[in-house]
Amino acid sequence: MEHAIKIEKLTKIYGYRGNRDAIKAVDELTMEIPKGEAFGFLGPNGAGKTTTIYMLLGILKPTSGSGKLLGKPLGNPQAKEKLGFLPESVTLHLHHTGLSLLDYYGELLNMDFMKRKKRASEVLEQVGLNNAANKPITSYSKGMVQRLGIAQALIGDPDLLILDEPTANLDPIGRKDVKDLLLNI
């Protein structure tokens, strides 16, 4: 069975080992997530969810343990090419419109011009922002910004989508909309 994510005894300690002030953020986490699965990573604040995600993405180096993302070792650039990511705090370039922002991200992914334009329109439709495509991001509500963040994660048609707190800062209606969106994806 192919796995989207497979990690074994993944550990992250902040500070020096043996130092009583060291913080063990992730302690020998082992899990396997098959390709095609939707998986929720739940836990209280400070449980190590974001730290684990950052190790999966290669942003943080594990203290110990190992893992694979889409069959490649953690941090491998080839796995990152097939990945869409939404961080907990969505920060976008505010001088763009929704459409121009997605075009920018598509260009960063080396997509050709026509494919970028087509894909940007598709994902804006998918997240329910096609009517706001040409509006400045500064005019977007928090829920619209969150949707645009999801569209940014989808622009490259990823094999794996990692969303850190996709409903953060949303009201109940916005949370339901994002949940429905993710179920459709």
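Our structure's up above, just so we're on the same page.
Presented here is a report on the structure given in the accompanying data block. (Residues numbered from 1 in each chain as written. Predicted model: local features only at pLDDT ≥ 70, side-chain atom pairs only at ≥ 80, totals over all residues. Heavy atoms only, no water.)

## Focus: the packing of helix α3 (residues 98–108) against helix α5 (residues 142–154)
For step 1, the next point in the chain: Packing of α3 against α5 brings their axes to within 9 Å, and their N-to-C directions diverge by 30°. Comparing the axis directions of α3 and α5 gives the class roughly parallel. Between α3 and α5 lies a crossing of right-handed hand. Taken together, the residues of α5 that come into contact with α3 (itself represented by G98, L101, L102 and Y105) are L148, A151 and Q152.
For step 2, the next point in the chain: Of the residues belonging to the contact of α3 with α5, the class tally is five nonpolar, two polar and no charged. (Axes fitted to C-alpha atoms, helices over the stretch in contact; angles between N-to-C directions. Helix = DSSP H or I, 4+ residues; strand = E, 2+ residues; numbered from the N terminus. Parallel < 35°, antiparallel > 145°, perpendicular 65-115°, else oblique. Left-handed = near helix turned anticlockwise from the far one by under 90°. Contact = heavy atoms within 4.5 Å. Nonpolar A, V, L, I, M, F, W, Y, C, P; charged D, E, K, R; others polar.)

## A few points about the side chain of T52
For step 1, the next point in the chain: Mapped onto the secondary structure, T52 falls in helix α1 (residues 49–57).
For step 2, the next point in the chain: Classification of T52 by relative accessible area gives buried; the value is 1%.
For step 3, the next point in the chain: Contact partners of T52, with chain neighbours within four places excluded, come to I7, V26, L29 and F41. (Buried < 20%, exposed > 50% of the residue type's maximum accessible area, 1.4 Å probe, protein only.)

## Concerning the sheet that holds strand β1 (residues 3–14)
For step 1, the next point in the chain: Taken in spatial order, the four strands line up as β2-β1-β3-β4 in an open sheet, and their pairing is antiparallel. Two strands in the sheet have a free side with no partner beyond their single neighbour: β2 (23–34) and β4 (72–73).
For step 2, the next point in the chain: Bridge count between β1 and strand β3 (residues 64–69): five bridges; the pairing is antiparallel. Looking at the pairing, I5 lines up with L69 of β3.
For step 3, the next point in the chain: α1 contacts β1, β2 and β3 of the sheet and is inclined by roughly 115° relative to β1. (Pairing = 2+ DSSP bridges.)

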